[in-house]
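Observations on the model geometry
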Amino acid sequence: DRFVAAWERMGKHDYSPTTRLWWTIYALVRSDLWIAFTLKSIEALLSFAAPICLQAILQWLADENVAPPWFCPSSVGPEWRGYYYVALMTLASLTRSLCMAHQFNFAFRMAVQLRSSIIIAVYQQSLRQALHGRGDMTTGKVVNLMASDANRLHWAIPFFHWFPSAFFQLLGAMYFLYAIIGGWPLFAAVTALVASLPLSYYSTKKQK
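My aim in this report is to walk through the structure given alongside it, one point at a time. (Residues numbered from 1 in each chain as written. Predicted model: local features only at pLDDT ≥ 70, side-chain atom pairs only at ≥ 80, totals over all residues. Heavy atoms only, no water.)

A look at a nonpolar patch on the surface
On the surface, L54, L58 and L61 cluster together to form a nonpolar patch covering roughly 320 Å² of accessible area. Given a relative accessible area of 59%, L61 falls into the exposed group. (Patch = residues over 30% accessible without salt bridge, like charges linked within 9 Å, V, L, I, M, F, W, Y side chains within 5 Å. Areas by Shrake-Rupley, 256 points an atom, 1.4 Å probe, with all protein chains shown as cover. Salt bridge = Lys/Arg side-chain N within 4 Å of Asp/Glu carboxyl O. Buried < 20%, exposed > 50% of the residue type's maximum accessible area, 1.4 Å probe, protein only.)

Here's the deal with the layout of surface pockets
Empty space within the largest pocket amounts to approximately 550 Å³. If you trace the largest pocket, you find 21 residues lining it, with F3, W7, A121, V122 and Q125 closest to the centre. Looking at the lining of the largest pocket, the elements that each hand over two or more residues are α1 (2–10), α2 (17–46), α4 (81–127) and α5 (139–156). The leading source of residues in the lining of the largest pocket is α4, at 6 residues. Its residues placed into classes, the lining of the largest pocket shows 14 nonpolar, 5 polar and 2 charged. Empty space within the second largest pocket amounts to approximately 280 Å³. Only α2, α3 (49–62) and α4 provide two or more residues apiece to the lining of the second largest pocket. Looking at the lining of the second largest pocket, the element that brings in the most residues is α3, giving 3 residues. (1 Å grid on protein atoms, 1.4 Å probe; cavity = no way out; pocket = protein on both sides within 12 Å on 5 of 7 lines; lining within 4 Å. Points joined across faces, edges and corners; volume = space filled by probe spheres on them. Helix = DSSP H or I, 4+ residues; strand = E, 2+ residues; numbered from the N terminus. Nonpolar A, V, L, I, M, F, W, Y, C, P; charged D, E, K, R; others polar.)

Let's talk about the pattern of salt bridges
Under the defined criterion, the tally for this structure stands at 3 salt bridges. Here D32 makes a salt bridge to R109, at a shortest N to O gap of 2.8 Å. One end of the pair, D32, is in helix α2; the other, R109, is in helix α4, with 77 residues separating them in the sequence. Exposure remark for R109: the relative accessible area of 40% places this residue in the partly exposed category. Residues E43 and R96 are paired through a salt bridge, measuring 2.8 Å at the closest nitrogen-oxygen approach. One end of the pair, E43, is in helix α2; the other, R96, is in helix α4, and 53 residues separate them in sequence. On the basis of relative accessibility, which here comes to 3%, the residue E43 falls in the buried class. Residues participating in the shared-partner salt-bridge network are K40, E43 and R96.

Section: the side chain of D32
Since its relative accessible area comes to 8%, D32 is described here as buried. Dropping the residues within four chain positions of it, D32 is found in contact with F106, R109, M110 and Q113. (Contact = heavy atoms within 4.5 Å.)

Structural notes on the environment of Y84
Mapped onto the secondary structure, Y84 falls in helix α4. Residue class for Y84 comes out partly exposed when judged on its relative accessible area of 24%. It is 24 Å that separates the C-alpha atoms of Y84 and A179, two residues lying 95 residues apart in sequence. Ignoring anything within four residues of it in the chain, the contact list for Y84 reads F71, C72, P73 and V76.

Things to note about empty space enclosed by the protein
In this structure the tally under the stated criterion is 1 cavity of 30 Å³ or more. In this structure, the largest cavity occupies an estimated 30 Å³ of space. Considering the residues around the largest cavity, the lining is formed by A56, Q59, V66, A67, P68, P69, R81 and Y85. Where the lining of the largest cavity is concerned, the elements lending two or more residues are α3 and α4. Of the residues assigned to the lining of the largest cavity, the class counts are 6 nonpolar, 1 polar and 1 charged.

Dropping the structure here:
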């Protein structure tokens, strides 16, 4: 019902059929999409907590009186900083796992809702189709839309919100690598990564 209502609402605008469908999909999964994106962003941010805490632990083991990092309050004494770093790293890992679990819950819930809505909408439209149009839209095409194409959307939507967070994780990783190993080694690593993208795309396509 929500899908049909959104489809009728988008019909008031001068959209092409494809654009109208995408706006309808967005209206259907908007709340879950943004919640999943927020949880994924928090999870991506917390993925850097473990290496930061580990670096602080190594510095503390080398010199107990070393200046604490920005995330360690001055009230924590030098002899307790190691415990503080371990507790912080454990809390970050647990929070990251919870965010990832709930993010997948929201993502696959909206995927199932969308797949069910597409299947029902295509089936209802095929029942209302005029007789002169049934020669172009055969039973095989209708079944293919309901089974294959709807299933592709089912698997694409849960991972759609990963693209912005993946870009954020890439920038964060490059920043920390630059701080640790310097500019030229990082430039060489990024060049090798970019050069391997066509090969990765080709191998993924062959596997599929």
